[in-house]
Amino acid sequence: HKMADTIKLVIAALLVAALKGAKPGLQPLWGLDQEFILSAKVHFKKLLALAPNDNARKVTHEFYEKTQTEFIRMVAGKNPGLVFLASAQKADFEKLENAFGPQAPLEAQEILLELRTSWEIYAKNFAGAGYESNAQRAGLMKKHFMNYYQQALEQEGSLPKVLFKFGVYHIKKGRSYTNVYDIGNLAAELAQANNSHSFHLFVLGAAGTQNSYLPFVGNEADKNKKIDAVATYDFADIKPFLAAADQKLWTVFDLRPLRPLLHAQKLGSLAASTKELLWGYDAVLVIPQVRAATLFN
């Protein structure tokens, strides 16, 4: 617990240092993902302030009112499909875009586009089109990243260094576990094209608790659920790393020296998922005990 608290303080200090140390006009924190499924209320509130005319304000206010109680309705109905970014229709976005018109402020146009794109990604996922949803999501993250990257390059005049914080699905080199070429692969290719390098770290908790609580399920026990590491990371064969890791100390496995041996078929018989992990990540960090995160209320 002391180690976990120390890590939290280090991360907080890193965040403060990044914000304080940023040059004027330079954005040090880059958000790359689609808009969160429960964020529509925040965006409609902003659109109300940006509305260029009475009709745009009227139309936006209608949608804003609908989002006021969507979280409560979602929890009561135990159905995430009740919120705007899941239940919206194409006609809703056409109504909003027509109300704002082509002369709307650039920020309003960007918000409307991000909302529509995020809805498309969620809609495909809800409809069972998982590959199409993941492919569009990965493309959006890469687009966002390159926009931020180009801005930083122009303002700094030199290649920016970037720290990524994503789940292991997203940060893998090569084809991801959802069969798309995600942000991790872009980072690797861009770094190499710039005569630089990237480092991809697979972090896993061997034991302890995790917070897997979902408000539309409402199972309080999920806020402090015991970890089954093998089941959690069933897409990769992590058992060899768990077996070799220290039981008390954090253990880092450097995978890079294994690749020439793997290529030369000198590592014996390995599962296909183990080989994929060795090619996709540069190191594995095993934390023997982790503690469930606490949700903000």
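I will try to describe carefully the structure that is included in this document. (Residues numbered from 1 in each chain as written. Predicted model: local features only at pLDDT ≥ 70, side-chain atom pairs only at ≥ 80, totals over all residues. Heavy atoms only, no water.)

**Notes on the overall build of the chain**
Across its full length, the chain holds 14 helices and 5 strands. Out of the 297 residues belonging to the chain, those deemed buried represent 35%. Nonlocal contacts in the chain, meaning residues at least 24 apart in sequence, comprise 65% of its contacts between residues at least 6 apart. For the chain, the computed accessible surface area is about 18,000 Å², with 57% contributed by carbon and sulfur atoms. When the 34 basic and 28 acidic side-chain charges of the chain are each reduced to a single mean position, those positions are 5 Å apart. (Helix = DSSP H or I, 4+ residues; strand = E, 2+ residues; numbered from the N terminus. Buried < 20%, exposed > 50% of the residue type's maximum accessible area, 1.4 Å probe, protein only. Contact = heavy atoms within 4.5 Å. Areas by Shrake-Rupley, 256 points an atom, 1.4 Å probe, with all protein chains shown as cover. Lys, Arg positive; Asp, Glu negative; His and termini not counted. Charge placed at Lys NZ, Arg CZ, Asp CG, Glu CD.)

**Notes on the nonpolar core**
In terms of nonpolar packing, the biggest core is built from 27 residues, with Phe44, Leu47, Phe84, Leu85, Phe100 and Leu115 touching the most fellow members. Taken together, the elements giving at least two residues each to this core come down to helix H2 (40–50), helix H3 (54–67), helix H5 (84–87), helix H6 (90–100) and helix H7 (106–126). Looking at this core element by element, the count peaks at 6 residues for H7. Leaving out residues up to four positions away in the same chain, Leu47 has contacts with Thr60, Phe100, Ala108, Ile111, Leu112 and Leu115. Judged by nonpolar contacts, the second largest core, of 22 residues, contains Ala229, Tyr233, Phe241 and Leu255. (Core = buried A, V, L, I, M, F, W, Y, C linked by side-chain atoms within 4.5 Å.)

**Quick look at the packing of helix H8 (residues 130–156) against helix H10 (residues 183–193)**
When two helices pack together, their arrangement is captured by the angle between the axes and the distance separating the axes. Contact pair H8 / H10: the axes reach a minimum separation of 9 Å and the direction vectors enclose 40 degrees. In terms of their interaxial angle, H8 and H10 are classed as oblique. Crossing handedness for the pair H8 and H10: right-handed. Note on element contacts: H10 touches H8 through Ile183, Leu186 and Leu190, opposite Met141, Lys142, Phe145, Met146 and Tyr149. In terms of residue class, the contact of H8 with H10 is made up of 7 nonpolar, no polar and 1 charged. (Axes fitted to C-alpha atoms, helices over the stretch in contact; angles between N-to-C directions. Parallel < 35°, antiparallel > 145°, perpendicular 65-115°, else oblique. Left-handed = near helix turned anticlockwise from the far one by under 90°. Nonpolar A, V, L, I, M, F, W, Y, C, P; charged D, E, K, R; others polar.)

**Examining the environment of Leu26**
Mapped onto the elements, Leu26 comes out in the loop between helix H1 (2–21) and H2. Residues Leu26 and Tyr148, 122 residues apart in the sequence, show an inter-C-alpha distance of 9.6 Å.

**Considerations on H2**
Ala40, His43, Phe44, Leu47 and Leu50 are the residues of H2 that are buried. Across the axial projection of H2, the buried residues extend over an arc of 115 degrees, all falling on one side. Counted as exposed and oriented over 90 degrees from the buried face of H2: Val42, Lys45 and Ala49. Buried residues belonging to H2 abut H3, helix H4 (70–77), H5, H6 and H7. (Arc of directions from axis to C-beta.)

**Regarding the sheet that holds strand E1 (residues 201–205)**
Taken in spatial order, the 3 strands line up as E1-E5-E4 in an open sheet, and their pairing is mixed. The two strands at the open ends of the sheet, each matched to only one other strand, are E1 and strand E4 (251–254). On average, adjacent strands in this sheet sit at an angle of 15 degrees to one another, irrespective of strand direction. With 5 bridges joining them, E1 and strand E5 (residues 283–287) adopt parallel strand pairing. Residue pairing for E5: Val203 is matched across the bridge by Leu285. (Pairing = 2+ DSSP bridges.)

**Observations concerning the packing of aromatic side chains**
The relative placement of two aromatic rings is captured by the distance of their centres and the angle of their planes. This model, assessed by the stated rule, comprises 17 aromatic pairs. With a centroid separation of 5.5 Å and an interplanar angle of 10 degrees, the aromatic rings of Trp30 and Tyr148 are classed as stacked. Highlighted residues: Trp30 in the loop between H1 and H2 and Tyr148 in helix H8, separated in sequence by 118 residues. Seen from their ring centres, Tyr169 and Tyr177 are 5.7 Å apart, and the 55 degrees between their planes marks the pair as tilted. The class of Tyr169 is partly exposed, set by a relative accessible area of 31%. One aromatic cluster in this structure is built from Tyr169, Tyr177, Phe202, Tyr233, Phe235 and Tyr281. The positively charged end of Lys66 is found above the aromatic ring belonging to Phe63, 5.2 Å away from the centroid. Looking at Lys172, its charged tip hangs above the ring of Tyr177, at a distance of 5.3 Å from the centre. (Phe/Tyr/Trp six-rings, centres within 6.5 Å; stacked < 30°, edge-to-face > 60°. Lys NZ or Arg CZ within 6 Å of the ring centre and 35° of its normal.)

So far we have only geometry, and geometry alone does not tell us how the molecule works.
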